[in-house]
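Here is how the chains run, residue by residue.
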Amino acid sequence: MALHKPYTDVPGTIIFDAQQSRKGYWLNQFCMSLMKAENRLRFKADERAYLDEWAMTEEQKQAVLARDLNWCMRTGGNIYFLAKIGATDGKSFQQMAGSMTGMTEDEYRAMMVAGGRSANGNRVVGEDGDAQAHRQPQGNSARKEGN
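For clarity, every value in this text was computed on a predicted model and none was experimentally measured.

Draft legend 1. Geometry of helix H5 (residues 58-66). Considered for burial, the residues of H5 that qualify are Gln60, Lys61, Ala63 and Val64. For H5, the angular spread of buried residues about the axis comes to 160 degrees, placing them on one side. Taken together, the buried residues of H5 touch helix H1 (18-23), helix H2 (25-33), helix H3 (37-45), helix H4 (47-51), helix H6 (69-74) and helix H7 (79-88). Two residues or fewer past H5, Arg67 is found with a positive phi of approximately 55 degrees.

This is how it looks when you write it as structure tokens:
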């Protein structure tokens, strides 16, 4: 019996539930390894070799190599853990989040200081708000992958 998940119809949102947690376990473990300086150095010296030490899917590895955080999230990544990749690359959280929305760091910061995105038009998929997939840079790639 499949679990009913009414929250999957929120545009621009991937809910990190138990299923996502299981899907992204090794991806998130890899990210946590970046908390140690020696692991960050090893990763930056040969990213592919370091990723191959982890039981991640090839898709997860490609998403990390591409630094596509939206793709990482679709494959089970949690932004708390994924932030370690950005920090390893010397990026602020605002830079990372901006890259996920198509905004610059300053645009993202200004949006958040102003209270974030409006819920108007963004409560369910199919409305006409600015968080809808067709209004996002990742919208086309997300639709191609069936999300």
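After presenting the structure, the write-up continues.
Draft legend 2. Here's a closer look at helix H8 (residues 93-101). Of all the residues in H8, the buried ones are Met96, Ala97, Gly98, Met100 and Thr101. Against H6, H7 and helix H9 (105-113) lie the buried residues of H8. The positive-phi residue at the C-terminal boundary of H8 is Gly102, with phi of around 85 degrees.

Draft legend 3. Expanded view of the packing of aromatic side chains. Counted according to the given criterion, the structure contains 8 aromatic pairs. Here a set of aromatic residues connected by ring pairs shows up, and it is made of Tyr25, Trp26, Phe30, Phe43, Tyr50 and Trp54. A cation over an aromatic ring shows up here: Lys84 above the ring of Tyr80, its NZ or CZ 3.6 Å from the ring centre.

Draft legend 4. Examining the environment of Phe81 more closely. The residue Phe81 is located in helix H7 in this model. Residue Phe81 is classed as partly exposed on the basis of its relative accessible area of 21%. Residues Phe81 and Val113, spaced 32 residues apart in sequence, show a C-alpha to C-alpha distance of 23 Å.

Draft legend 5. Inspection of the nonpolar core at higher detail. In this structure, Leu27, Phe30, Phe43, Met56, Val64, Leu82 and Ile85 are the most contacted members of the largest nonpolar core, which totals 19 residues. For this core, the secondary-structure elements that each account for two or more residues are H2, H4, H5, H6, H7 and H8. For this core, the element with the highest residue contribution is H6, accounting for 4 residues.

Draft legend 6. Seen up close, the side chain of Gln60. Within the element layout of this structure, Gln60 appears in helix H5. According to the relative accessible area criterion, Gln60 is buried, its value standing at 2%. Here the side chain of Gln60 touches Thr57 through a polar contact of 2.8 Å, landing on its backbone nitrogen. Polar contacts involving the side chain of Gln60 include one to the main-chain carbonyl oxygen of Thr75, which spans 2.8 Å. Excluding anything up to four places from it in sequence, Gln60 contacts Lys23, Gly24, Leu27 and Thr75.

What counts as what
- Residues numbered from 1 in each chain as written.
- Predicted model: local features only at pLDDT ≥ 70, side-chain atom pairs only at ≥ 80, totals over all residues.
- Heavy atoms only, no water.
- Buried < 20%, exposed > 50% of the residue type's maximum accessible area, 1.4 Å probe, protein only.
- Helix = DSSP H or I, 4+ residues; strand = E, 2+ residues; numbered from the N terminus.
- Arc of directions from axis to C-beta.
- Contact = heavy atoms within 4.5 Å.
- Phe/Tyr/Trp six-rings, centres within 6.5 Å; stacked < 30°, edge-to-face > 60°.
- Lys NZ or Arg CZ within 6 Å of the ring centre and 35° of its normal.
- Core = buried A, V, L, I, M, F, W, Y, C linked by side-chain atoms within 4.5 Å.
- Polar contact = N/O pair within 3.5 Å; in protein donor to acceptor, adjacent residues only side chain to side chain.

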